[in-house]
Amino acid sequence: MILSLNLRVLIVDDSRGCTILIRQQLIKLGVSYENIIITTSYQQAIKAIETHHFQILLIDYHLEQSLTGFELLGILYRNRLIDQTVATILLSGDRRQETVLTALSGRAQHFISKPINTVVLGNKIQTALYEAKQITQLTQLYPISQQATLNLALNIPNADTKVMFEATLIDHLLAGKEWELLSYLLKKSKTKMHPTKLVAEALTLYEFGKPKSAIDKLHNYLVKQPLSLNVMDCLSSIYEKHQMLVPALKLAIRTFELTPSINHRALRAIDLAENVGNTAMLLKLGKTYADSISSADTDVINSISTYFKSLKAIYEREANMVSKKVLIKHADQFTAQVRLKFPSKLQNQLLSNLAIFHCHILIFEENEKSAHQKLMRATTLLSDSFNDEPSDLFNQLLPLFIHFGEYSLYRTVKEGRQTQDAPLLKQAQKQTLSPSALTLTENSKSIEYIKGYVHNFPYSVSAKLDYLYATNSKTIQKKCSDNMVQEITQLELPERWKKWINDSLGNGFTIKPPSPF
């Protein structure tokens, strides 16, 4: 077997020895030495892909302690550095079921176990390149919304229709909800039954008003192929749509246990456990999720937010105080466990998430003072890198700013992040969120207005800072001002506010409070 001399290959493996061995195998198969690039870290791999065009990627599954090859492929696809027209093969000496199932649940087209046989490697590369060539032709026809275009697509592989090609075409039609075209494709299909094809058949039946037939078809396939993850995902989704939450949860748990490092399966199981009200399962899933979570996942903070929201929802439904304490303790332990895996920036985002969770719990328990302290902690943790923080965290903070009358924080986030109003933010508010516009040191009406605002929002740091500035020359207000300073200095505050207070304590509150970020 001879591969093309001009084939451009990237090898990614944290073992230098492995990369050299694979390169030697590729050279034996006919690939030019100059066309084989080897890298030993994901950073090197990304840089190489940004600067070179490769026809095939060979990536070790257990790439680094903090990142798998599966996760690296996710990063490459999300950042559009590669697409399905680039052939990909994951390599691993780990033959455990979890590793193989996870590897083939993502974008990887093929998997090879180590030690790698040269002939097997050559065959896999030829197959992967052939499929990538067909998919390149297929993507040139997108979007496929007419039967004539679909016929052109079906003619690409001639009579030798490959499963990978058909699965890619089906996924495209499913994404576009082209049910009539899917039905036509399924009638024309000559491949043996495979998971993507079965899912398409089931979803088409469901869409045409035959849910029982769809469920039976999926269930019968799983009896024979119990490890078909996509089929389990589909059946669980249909169960959920029919409010059959317990069987939907069982399947979601099964797929998550088989591939615990796949984020969307973790969140689906967690969401169903919350909807069923199964607190014990929710906590168990959280422990497994914390063990498997990866800091390389670009959506990891949003995912953690989702988990905390589920814990909050269960807490608010729980009547037993002991059970409530267990939920809070679990959230703290979950955070401590995940924190060990995160760099400092992600640690701050994680801790901010936890503080937001605590804030909601304390509001629910009508402990407004402690809730506000948690809000200020959550905000301060994000203040040093305000422009680089996830929008989801600030979207969670905005309604809390409204609740406590923190108008400076609210306005700064709204303007700086250019966040669209969420439905929650359109609710009736007790008072305007911009009293500082009226703050003038010589205007007694403004002082009384802010004083009234503090009365309505007794924990608002924004209002207290403006009050200190407005009353700087009014000695009759000194006792009230001293109390405010004492209250504010006990809180965690953004660095700019903290500096303004420290400077003003020595020089007087003669300068208008700065923006918090």
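Structural data are supplied above this passage.
Numbers given for residues are sequential positions, taken from 1 along each chain in its written order. At least 70 in pLDDT is required for a residue's local features to be given in this predicted model, at least 80 for side-chain atom pairs to be given and counted, and no such filter applies to totals for whole chains, interfaces and linings, which use all residues. In computing side-chain properties, one takes all heavy atoms of the structure into account and sets aside hydrogens as well as water.

Any two packed helices are characterised by the angle at which their axes cross and by the distance between the axes. Where helix α11 (residues 229-241) meets helix α12 (residues 245-258), the closest approach of the two axes is 8 Å, and the angle between their N-to-C directions is 155°. As summarised for this structure, α11 and α12 are arranged roughly antiparallel, according to the angle between their axes. Read as a crossing pair, α11 and α12 show a hand that is left-handed. Residue-level contacts link Leu229, Met232, Asp233, Leu235, Ser236, Tyr239 and Glu240 of α11 to Leu245, Pro247, Ala248, Leu251, Ala252, Arg254, Thr255 and Leu258 of α12. Axes here refer to lines fitted to C-alpha atoms; in helices the fit is confined to the stretch in contact. Angles between the N-to-C directions go from 0 to 180 degrees. Helix and strand definitions here come from DSSP, where helices need a minimum of 4 consecutive H or I residues and strands a minimum of 2 consecutive E residues; each element is numbered from the N-terminal end. Between 65 and 115 degrees an angle is taken as roughly perpendicular, under 35 as roughly parallel, over 145 as roughly antiparallel, and anywhere else as oblique. When the near helix sits turned anticlockwise from the far one by under a right angle, the crossing is termed left-handed; a clockwise turn instead gives a right-handed crossing. It only takes one pair of heavy atoms within 4.5 Å for two residues to be counted as in contact.

Here we come to the packing of helix α18 (residues 368-383) against helix α19 (residues 391-404). Following both chains from N to C, one finds α18 and α19 inclined at 140°, their axes separated by 11 Å at the closest point. In terms of their interaxial angle, α18 and α19 are classed as oblique. In this structure, α18 meets α19 at a crossing whose hand is left-handed. Where α18 abuts α19, its residues Glu368, Ala371, His372, Leu375, Ala378, Thr379 and Leu382 lie against Leu393, Phe394, Leu397, Leu400, Phe401, His403 and Phe404. A per-class count over the contact of α18 with α19 returns 10 nonpolar, three polar and one charged. As a working rule, the residues Ala, Val, Leu, Ile, Met, Phe, Trp, Tyr, Cys and Pro are called nonpolar, Asp, Glu, Lys and Arg charged, and the rest polar, with Gly in that last group.

This next bit is on the nonpolar core. Where a protein is soluble and globular, its nonpolar side chains tend to be buried together. One finds Leu169, Ile304 and Leu311 to be the most contacted residues of the largest nonpolar core, which totals 117 residues. In terms of residue count, the dominant contributor to this core is helix α17 (residues 344-364) (10 residues). Note on terminology: a nonpolar core comprises buried Ala, Val, Leu, Ile, Met, Phe, Trp, Tyr and Cys residues joined through side-chain atoms within 4.5 Å. Three labels apply to residues, based on accessible area from a 1.4 Å probe with only protein chains included: buried if under 20% of the type maximum, exposed if over 50%, partly exposed otherwise in between. Within the second largest apolar cluster, 25 residues are counted, among which are Phe70, Ile75, Ile82 and Val86.

The peptide bond linking Lys114 to Pro115 adopts the cis configuration, its omega dihedral lying at -5°. One can find Pro115 in the loop between β5 (110-113) and α5 (118-139). Tyr142 connects to Pro143 through a cis peptide bond whose omega is -5°. Note on placement: Pro143 falls in the loop between α5 and α6 (147-154). Positioned with a positive phi, Gln243 is a non-glycine residue whose angle comes to about 60°. Overall, the relative accessible area of 62% leaves Gln243 in the exposed class.

What follows concerns α19. Given 3.6 residues per helical turn, the α-helix brings residues three or four places apart onto the same face. Its 14 residues give α19 an end-to-end C-alpha distance of 20 Å, which sits within 8% of 20 Å, the value for a rise of 1.5 Å per residue. α19 sits mainly inside the fold: 11 of its 14 residues count as buried. Inspection of α19 places Asp392, Leu393, Phe394, Gln396, Leu397, Leu398, Pro399, Leu400, Phe401, Ile402 and Phe404 among the buried residues, and these make up the whole buried set. Looking one or two places after α19, you find Gly405, whose phi comes out positive at around 70°. One less than the residue count of a helix, multiplied by 1.5 Å, gives the span that helix is expected to have.

It is worth spelling out the packing of aromatic side chains at this point. When two rings of Phe, Tyr or Trp (its six-membered ring) have centres within 6.5 Å they constitute a pair, described as stacked for plane angles under 30 degrees, edge-to-face for angles over 60, and tilted for the intermediate range. For the structure on display, the rule yields eight aromatic pairs. A centroid spacing of 5.4 Å and a plane angle of 85° characterise the contact between Tyr407 and Tyr453, whose relative ring orientation is edge-to-face. Of this pair, Tyr407 sits in helix α20 (residues 407-417) while Tyr453 sits in helix α21 (residues 444-456); the two residues are 46 residues apart in sequence, bridging distant segments of the chain. Residue Tyr453 is classed as buried on the basis of its relative accessible area of 0%. Pairwise contacts between aromatic rings join Tyr289, Tyr307, Phe308, Phe334 and Phe357 into one cluster.

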